[in-house]
Protein chains: 2
Amino acid sequence: MLDILHRIGATASPDAVYAALTTVDGLAGWWTEDTSGDAGVGGVVRFRFIPGGFDMKVLDARPGELVLWEVVDGPEEWIGTRVTFELKQEGDYTIVLFRHEGWREQVEFMHHCSTKWATYLMSLKRLVETGKGEPAPHDVMISNWH
Amino acid sequence: MLDILHRIGATASPDAVYAALTTVDGLAGWWTEDTSGDAGVGGVVRFRFIPGGFDMKVLDARPGELVLWEVVDGPEEWIGTRVTFELKQEGDYTIVLFRHEGWREQVEFMHHCSTKWATYLMSLKRLVETGKGEPAPHDVMISNWH
């Protein structure tokens, strides 16, 4: 199992976090401003960054509980991998258990994507807590690979 | 292979990054202020946080190249796991390839530690670039687990 795992908690409702994961406006508020497409189950969402991007097919979406994507276009290492956001409430927090699973090799790019996902999930936390995230192209630079 | 992977790049020399990984003062500048012990090969470094801490045995340390620790005390899930910082230069950047390997299960705590490592590695980057990191207890809060 070559998976990238993360866990954040945001002081916001599961519904607010779910909206940030299942609407084009919400996704554009924390991952990349250049987001388009259909964020409903069966739809494909297109995320674009300066060097390229990812197309995600929405395989499952259960309000306040889970969002599951499959990568249908993007860098070769990503195609066929899956991204899951599992939500649950703990006190004042909505916990997001994140998994990007199905990597074929522990390549250097996987190391990079793991750190980058962490900073984007912190951007998601900031968005639902304060109304303002740090989506690309305003994202945190972590290295020479951006 | 249940490993936590990360990659950061800092505009600082490999020697500066190596010093931040192999001296008590350096480590206290980005991971936790409450760091003590012997950071040389064969030594044990004690890292303490409000809820507990970790003891790391330094298995290997090669200037500007690599630092390898084994966790000899701490939370049960961490004992026996290994932490590697691999360094290399790319242009103006020193790249840190990070691996925390040997987790036995993909428990929720592993998700948490992965995100937390990312924020501490960003603190390491800040320390070597600006002279000031964000070590515990001044670290970034990512959830209800701190």
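Anything mentioned here points back to the structure above.
Residues numbered from 1 in each chain as written. Chains lettered and ligands numbered in written order. Predicted model: local features only at pLDDT ≥ 70, side-chain atom pairs only at ≥ 80, totals over all residues. Heavy atoms only, no water.

Asks: Before we move on, could you go through the overall build of chain A and cite the residues and values that matter?
Replies: Scanning chain A from N- to C-terminus turns up three helices and seven strands. N-terminal to C-terminal, the α/β element order of chain A is β-α-α-β-β-β-β-β-β-α. A globule of 146 residues ought to have a C-alpha radius of gyration of about 15 Å, and chain A, at 14 Å, matches this closely. Summarising its shape, the C-alpha atoms of chain A cover approximately 40 × 30 × 30 Å along the three principal directions. Here chain A, with 146 residues, has 54% of them falling under the buried criterion. Summing over all exposed atoms, chain A offers an accessible surface of approximately 6000 Å²; the carbon and sulfur share of this is 50%. (Helix = DSSP H or I, 4+ residues; strand = E, 2+ residues; numbered from the N terminus. Rg over C-alpha atoms; globule rule 2.2 N^0.38 Å. Buried < 20%, exposed > 50% of the residue type's maximum accessible area, 1.4 Å probe, protein only. Areas by Shrake-Rupley, 256 points an atom, 1.4 Å probe, with all protein chains shown as cover.)

Asks: An account of the relation of the copies chain A and chain B is needed here, citing residue identities and associated values.
Replies: Superposition record for chain A on chain B: RMSD 0.0 Å, screw rotation 180 degrees, translation along axis 0.0 Å. Within this description, the copies of the chain are treated as partners about a two-fold rotation axis. (Least-squares fit on C-alpha atoms with pLDDT ≥ 70 in both.)

Asks: Give a detailed account of the pairing of strand S2 (residues 34-37) of chain B, specifying residues and quantitative values.
Replies: All names here are of chain B. In terms of strand pairing, S2 meets strand S3 (residues 44-49) through four bridges, oriented antiparallel. In the sheet register, Thr35 faces S3, and the bridge partner there is Phe47. In this antiparallel pair of consecutive strands, S2 and S3, the connection spans six residues, and Gly42 shows a positive phi of 90 degrees. (Pairing = 2+ DSSP bridges.)

Asks: An account of the packing of aromatic side chains is needed here, citing residue identities and associated values.
Replies: For any pair of aromatic rings, the description rests on two quantities: the centre-to-centre distance and the angle between the ring planes. In the structure shown here, the tally under the stated rule is 36 aromatic pairs over all chains. With centroids separated by 5.6 Å and ring planes inclined at 70 degrees, the aromatic side chains of Phe49 of chain B and Phe54 of chain B adopt a geometry described as edge-to-face. Note on Phe49 of chain B: relative accessible area 18%, which makes it buried. Residue Phe54 of chain B is classed as buried on the basis of its relative accessible area of 11%. Directly above the ring of Trp145 of chain B sits Arg7 of chain A, whose terminal nitrogen or CZ lies 3.5 Å from the centroid. (Phe/Tyr/Trp six-rings, centres within 6.5 Å; stacked < 30°, edge-to-face > 60°. Lys NZ or Arg CZ within 6 Å of the ring centre and 35° of its normal.)

Asks: Got a sec to walk through the packing of helix H1 (residues 14-22) of chain B against helix H3 (residues 108-130) of chain B? Specific residues and values, please.
Replies: All names here are of chain B. Between H1 and H3, the least distance of the axes is 10 Å, while the angle of their chain directions is 125 degrees. With respect to their mutual orientation, H1 and H3 come out oblique. The handedness of the crossing between H1 and H3 is right-handed. Between H1 and H3, the contacting residues are Ala16, Val17, Ala20 and Leu21 on the first element and Leu124, Leu127 and Val128 on the second. Residue composition of the contact of H1 with H3, by class: seven nonpolar, no polar and no charged. (Axes fitted to C-alpha atoms, helices over the stretch in contact; angles between N-to-C directions. Parallel < 35°, antiparallel > 145°, perpendicular 65-115°, else oblique. Left-handed = near helix turned anticlockwise from the far one by under 90°. Contact = heavy atoms within 4.5 Å. Nonpolar A, V, L, I, M, F, W, Y, C, P; charged D, E, K, R; others polar.)

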